[in-house]
Amino acid sequence: MKIGVLASGSGSNLQSIIDSCNSGYIPNSSVELVISNNEKAFALTRASNHGIKSNYIHPPDFIKYKKGMNIDEIMNDPLRREYDKLLVENFSNVNVEVICLAGYMLFVTPALLDKFTIINIHPSILPSFKGLHGIRDAINYGANVVGCTTHFVDNDEDTGPIILQATTPIFTGMSTEEISLLNLKREHIIFAETLRLYCKNLLRVKGRQVEIIWDKEHFEYQNKLLYLWKSDIDDYNNRR
Ligand code: GRF
């Protein structure tokens, strides 16, 4: 499976996808192209470190997230669509079959959505805490776990059919940054597993529901998440 990635930042999720392709965990797959809207994104360096094509494509200035612009206006914005057409051109040139949003900070419009299956990762248990600050908002709300969700992307914000979710503990006295790091470990695991399931045709989308066909690796994945909880609890306990 040929994978395309859009990323705006550090690219640790991209790294997990690359490693999972290289190890064969996501079978017969490779990241073919990484595109960023941010020239300084470390994701671009990670790509070139692995000999993967990478491209910084500068969006027009207006494309910055504008407060007050509603989702319909964003989806129909002609300049945003122009930008996404450029992305379509780039990903089509390398025959990408699925696009991953790995910390990509722009909305994608129907110009891209209509051409590719797109999978996003969001740092909350959707449908709670959509938007830019999933973890901070969950903590401020008083949730006692945070988490992450992979989902197919549709033309609204963080609303597409949910694929996988994982929860992360919040220990007493932890900063938002520390909690984000614990959460990121889950993000890496669920994104890789999402792509493995997709690649092996083990996902059945029925409207909003995504049925997962459990195979041996999926049982192992679920156990891995359980062990991660246990080891995070043990680490925390040992540090007290
Ligand atoms: C992740 O928390 C992702 O869920 C969010 O942005 C962060 C990006 O991390 N959308 P990275 O660039 O993959 O390290």
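Right above here is the structure, for reference.
Note that this is a predicted model, so its numbers are computed, not measured. (Residues numbered from 1 in each chain as written. Predicted model: local features only at pLDDT ≥ 70, side-chain atom pairs only at ≥ 80, totals over all residues. Heavy atoms only, no water.)

## Notes on the overall build of the protein
Phase 1: Scanning the protein from terminus to terminus reveals eight helices and nine strands.
Phase 2: By the compact-globule yardstick of 18 Å for 240 residues, the protein fits well, its C-alpha radius of gyration being 18 Å.
Phase 3: Considered along the principal axes of its C-alpha atoms, the protein spans approximately 50 × 40 × 40 Å.
Phase 4: Taken over 240 residues, the protein has a buried fraction of 50%.
Phase 5: In the protein, of all internal contacts separated by at least 6 residues, the share reaching a separation of at least 24 is 65%.
Phase 6: Of the roughly 12,000 Å² that the protein leaves accessible, carbon and sulfur atoms contribute 51%.
Phase 7: Of the charged side chains in the protein, 25 are positive and 28 negative, and the gap between their average positions amounts to 2 Å. (Helix = DSSP H or I, 4+ residues; strand = E, 2+ residues; numbered from the N terminus. Rg over C-alpha atoms; globule rule 2.2 N^0.38 Å. Buried < 20%, exposed > 50% of the residue type's maximum accessible area, 1.4 Å probe, protein only. Contact = heavy atoms within 4.5 Å. Areas by Shrake-Rupley, 256 points an atom, 1.4 Å probe, with all protein chains shown as cover. Lys, Arg positive; Asp, Glu negative; His and termini not counted. Charge placed at Lys NZ, Arg CZ, Asp CG, Glu CD.)

## Section: the site of the ligand
Phase 1: Taken together, G9, S10, G11, S12, N13, G103, I121, P123, L184 and E187 form the complete shell of residues around the ligand.
Phase 2: G11 places a polar main-chain atom, nitrogen or oxygen, 2.8 Å from an oxygen atom of the ligand.
Phase 3: Expressed as a share of its isolated accessible area of 360 Å², the protein-covered part of the ligand is 80%.
Phase 4: Of all the secondary structure elements, the ones that give two or more residues to the shell around the ligand are helix 1 (12–22) and helix 7 (176–199).
Phase 5: Its residues placed into classes, the shell around the ligand shows three nonpolar, six polar and one charged. (Near = heavy atom within 4 Å. Polar contact = N/O pair within 3.5 Å; in protein donor to acceptor, adjacent residues only side chain to side chain. Nonpolar A, V, L, I, M, F, W, Y, C, P; charged D, E, K, R; others polar.)

## Here we look at the nonpolar core
Phase 1: If you look at the biggest cluster of nonpolar residues, it comprises 37 residues, and the most contacted ones within it are I3, V5, I17, V31, F191 and L195.
Phase 2: Looking at this core, the element that brings in the most residues is helix 7, giving five residues.
Phase 3: Counting 20 residues, the second-largest nonpolar core is a separate cluster that includes Y83, L101, V108 and L112. (Core = buried A, V, L, I, M, F, W, Y, C linked by side-chain atoms within 4.5 Å.)

## Description of the sheet that holds strand 6 (residues 145–152)
Phase 1: Overall, mixed pairing links the seven strands, which are arranged 3-2-1-4-5-6-7 in an open sheet. A strand with exactly one partner marks an edge of an open sheet, and here the two such strands are strand 3 (53–56) and strand 7 (162–169). Each neighbouring strand pair of the sheet contributes to a mean axis angle of 15°, computed without reference to strand direction.
Phase 2: Across four bridges, strand 1 (residues 2–6) lies against strand 4 (residues 98–101) in parallel orientation. Bridge pairing in strand 4 places G4 opposite I99.
Phase 3: Against the sheet, helix 1 touches strand 1, strand 2 (30–36), strand 4 and strand 5 (117–122), its axis set at about 165° to strand 2. (Pairing = 2+ DSSP bridges. Axes fitted to C-alpha atoms, helices over the stretch in contact; angles between N-to-C directions.)

## What about the side chain of S36?
Phase 1: By the element assignment, S36 lies in strand 2.
Phase 2: For S36, a relative accessible area of 0% gives the class buried.
Phase 3: Polar side-chain contacts of S36 include one of 2.9 Å to the backbone nitrogen of N38.
Phase 4: Contact partners of S36, with chain neighbours within four places excluded, come to A7, S8, A41, L44, N55, Y56 and I57.

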